[in-house]
Amino acid sequence: MPVDPIQLTRQLVDIQSTTYHEGQAGAFLHEYLTGQRYNVERMAVPQPDHALTPGAGDGERFNVYASMPGITPDVVLSTHMDTVPPYFGCREDDEFLYGRGTCDAKGIIAAQVAAADRLRDAGVNVGLLFVVGEERDSAGAIVANQNPRGSKFLINGEPTDNRLALASKGALRVELRAKGKMAHSAYPELGDSAIDKLVEALHDVLAMPLPVEPEIGPSTLNIGLIEGGRAPNVIADKAEAHILIRLVGPSEEVRQSILKAVAGRADVSFSLDLPFVRMRKVGDLPTMVAKFTTDIPSLTAWGEPFLLGPGSIHVAHTPDEKISKKELLEAVDLYYNLAASLVG
């Protein structure tokens, strides 16, 4: 039976698979792809320590890799199974599918499975790789990169409005932790405010110039989390902030600028560093620049990378996440044509 990408998207979106909870989605895809006559493997991906607390993770998580029996793939279609929270299931109207993961990236999974079905029938040696953890730390991609399957090309799927990406920004995640001394707020001279230190450090970090790439645009910085203190009448003994910088070049210069700006007022740790990536144009496909980061920097062993997918990044990670059914069907053709042209 030919793959129905709209129906498969509905089925996938109705499975809860926020990061660290991907096991059920992986099991579904394992069974589904086995039924499509693929050899299907599970690549175990460890749960991080913080996801092993009750309610934070649901046990086994794994990547799913599917290939034709006895064949080394020339091209692999890949994206991620995990979504950001909160989970909400699928609904639809005549034009759109709505729900968590419709465009990021379960609709993409469905389009890739449908395209692979056609590629296989056309004699193309194709594989499928669906990973966990992309929304947090690319843990699944890192494991997959230790287990390559000899492919020459990797077509990664993220919402690009069905345009081929010529570049994707890198990501540098920075954590600042300031320490102080508690005291009664009426006697601040007896304490040492960690919040004051952190706020001053963040002020100087925000004032830093960031690299600009003329063809791509500027690096950007977001302070996404800030917390600290005990109560309004207590001098804060601790405070922390988490920053994400979208890079258009190497990270080392930015790392050094942050350390200089913070100037010892907080401990600085760099918990994620994914590089800026350039990719090439193919044929007359429309192009774009992805201001977001993907798993591509962690999948270097899977072949020359390309980035393409249906849906808009502007609705990903929002309560309004959706994908056009028309665009989803068009993506099947685009994946097919791109893969076929790459392998010649």
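In the block above lies the structure referred to throughout.
Everything numeric here is computed off the predicted structure, so don't read it as measured data.

**Focus on the nonpolar core**
Leu33, Val113, Leu128, Leu129, Ile155, Trp302 and Leu338 are the most contacted members of the largest nonpolar core, which has 65 residues in total. No other element matches the 11 residues that helix α3 (residues 102-121) contributes to this core. Residues contacting leucine 33, with those up to four places away along its chain left out, are Tyr38, Val40, Val64, Ala66, Val113, Leu128 and Phe130.

**Looking at helix α7 (residues 325-343)**
The end-to-end C-alpha distance of α7 is 28 Å, a good match for the 27 Å that 19 residues give at a rise of 1.5 Å each. Its side-chain oxygen placed 3.2 Å from the backbone nitrogen of lysine 326, serine 324 serves as the N-cap of α7. Immediately downstream of α7, the backbone of glycine 344 shows phi near 70°, a positive value.

**Observations concerning the sheet that holds strand β5 (residues 96-98)**
Two strands in a sheet stick together by hydrogen bonds in their backbones, pointing the same way (parallel) or opposite ways (antiparallel). Across the sheet, 3 strands lie side by side as β4-β5-β18; this open sheet has antiparallel pairing. Edge positions in the open sheet fall to β4 (91-92) and β18 (322-324), since each of these has one partner strand only. As paired elements, β5 and β18 share 3 bridges and run antiparallel to each other. Looking at β18, one finds that phenylalanine 96 is bridged to serine 324. Contacts from α3 reach β5 and β18, with the element oriented near 50° to β18.

**What to know about the layout of surface pockets**
In this structure, the largest pocket encloses a volume near 1,100 Å³. Going through the elements one at a time, β9 (170-179), β12 (220-228), β13 (238-247), β14 (267-274) and β16 (287-290) are the ones with two or more residues in the lining of the largest pocket.

**Thoughts on the state of the cysteines**
Inspection of the entire model under this criterion finds 0 disulfides. The structure places no disulfide on cysteine 90, whose sulfur is separated from the nearest cysteine sulfur, that of cysteine 103, by 12 Å.

**Comments concerning the packing of α3 against α7**
Running from N to C, α3 and α7 cross one another at 50°; their axes reach a closest spacing of 8 Å. The angle between α3 and α7 falls in the class oblique. Relative to α7, α3 is oriented so that their crossing is right-handed. Contacts between α3 and α7 pair Gly107, Ile108, Ala111, Gln112, Ala114, Ala115, Arg118 and Leu119 from the former with Leu328, Ala331, Val332, Asp333, Tyr335, Tyr336, Ala339 and Ala340 from the latter.

**Brief notes about the packing of helix α1 (residues 5-13) against helix α2 (residues 23-35)**
Look at α1 against α2: their axes get within 10 Å of each other, and the N-to-C directions meet at 150°. By the angle between their axes, α1 is roughly antiparallel relative to α2. The two elements α1 and α2 meet at a crossing, and its hand is right-handed. Residue-level contacts link Leu8, Gln11 and Leu12 of α1 to Phe28, Leu29 and Tyr32 of α2. Across the contact of α1 with α2, the residue classes tally to 5 nonpolar, 1 polar and no charged.

**Some details on unusual backbone geometry**
Residues proline 85 and proline 86 are joined by a peptide bond in cis, for which omega reads -5°. Assignment of secondary structure puts proline 86 in the loop between β3 (75-80) and β4. In this structure, alanine 105 follows aspartate 104 across a cis peptide bond, with omega equal to 5°. By the secondary structure assignment, alanine 105 is in helix α3.

**Some words on the packing of aromatic side chains**
Per the stated rule, a full pass over the model turns up 4 aromatic pairs. Aromatic pair phenylalanine 28 and tyrosine 32: ring centres 5.9 Å apart, planes at 25°, arrangement stacked. Pair noted here: phenylalanine 28 and tyrosine 32 are both in helix α2, with a separation of 4 residues, about one helical turn. For the ring pair phenylalanine 96 and tyrosine 98, a centre distance of 6.0 Å and an interplane angle of 50° mean the geometry is tilted. When sorted by exposure, phenylalanine 96 lands in the same class as tyrosine 98, which is buried. If you follow arginine 91 out to its NZ or CZ, it ends over the ring of tyrosine 98, 4.2 Å from the centre. Over the face of the ring belonging to phenylalanine 96 we find lysine 322, whose NZ or CZ atom lies 4.2 Å from the ring centre.

**A short note on the pattern of salt bridges**
Close approach of charged atoms allows side chains of opposite charge to pair. Counted according to the given criterion, the structure contains 21 salt bridges. One salt bridge in this structure joins glutamate 213 and arginine 278, with 3.0 Å as the shortest N-O distance. One end of the pair, glutamate 213, is in strand β10 (residues 212-213); the other, arginine 278, is in strand β15 (residues 277-278), with 65 residues separating them in the sequence. Its relative accessible area of 23% is what places glutamate 213 among the partly exposed residues. With its nearest N and O atoms 2.6 Å apart, the salt bridge here joins lysine 326 to glutamate 330. Linking lysine 326 with glutamate 330, this pair stays in helix α7, spanning 4 residues, or about one helical turn. Note on lysine 326: relative accessible area 59%, which makes it exposed. One continuous salt-bridge network, built from bridges that share partners, spans Arg10, Glu92 and Lys325.

Definitions and cut-offs
- Residues numbered from 1 in each chain as written.
- Predicted model: local features only at pLDDT ≥ 70, side-chain atom pairs only at ≥ 80, totals over all residues.
- Heavy atoms only, no water.
- Core = buried A, V, L, I, M, F, W, Y, C linked by side-chain atoms within 4.5 Å.
- Buried < 20%, exposed > 50% of the residue type's maximum accessible area, 1.4 Å probe, protein only.
- Helix = DSSP H or I, 4+ residues; strand = E, 2+ residues; numbered from the N terminus.
- Contact = heavy atoms within 4.5 Å.
- Expected span 1.5 Å × (residues − 1).
- Polar contact = N/O pair within 3.5 Å; in protein donor to acceptor, adjacent residues only side chain to side chain.
- Pairing = 2+ DSSP bridges.
- Axes fitted to C-alpha atoms, helices over the stretch in contact; angles between N-to-C directions.
- 1 Å grid on protein atoms, 1.4 Å probe; cavity = no way out; pocket = protein on both sides within 12 Å on 5 of 7 lines; lining within 4 Å.
- Points joined across faces, edges and corners; volume = space filled by probe spheres on them.
- Disulfide = S-S within 2.5 Å.
- Parallel < 35°, antiparallel > 145°, perpendicular 65-115°, else oblique.
- Left-handed = near helix turned anticlockwise from the far one by under 90°.
- Nonpolar A, V, L, I, M, F, W, Y, C, P; charged D, E, K, R; others polar.
- Phe/Tyr/Trp six-rings, centres within 6.5 Å; stacked < 30°, edge-to-face > 60°.
- Lys NZ or Arg CZ within 6 Å of the ring centre and 35° of its normal.
- Salt bridge = Lys/Arg side-chain N within 4 Å of Asp/Glu carboxyl O.

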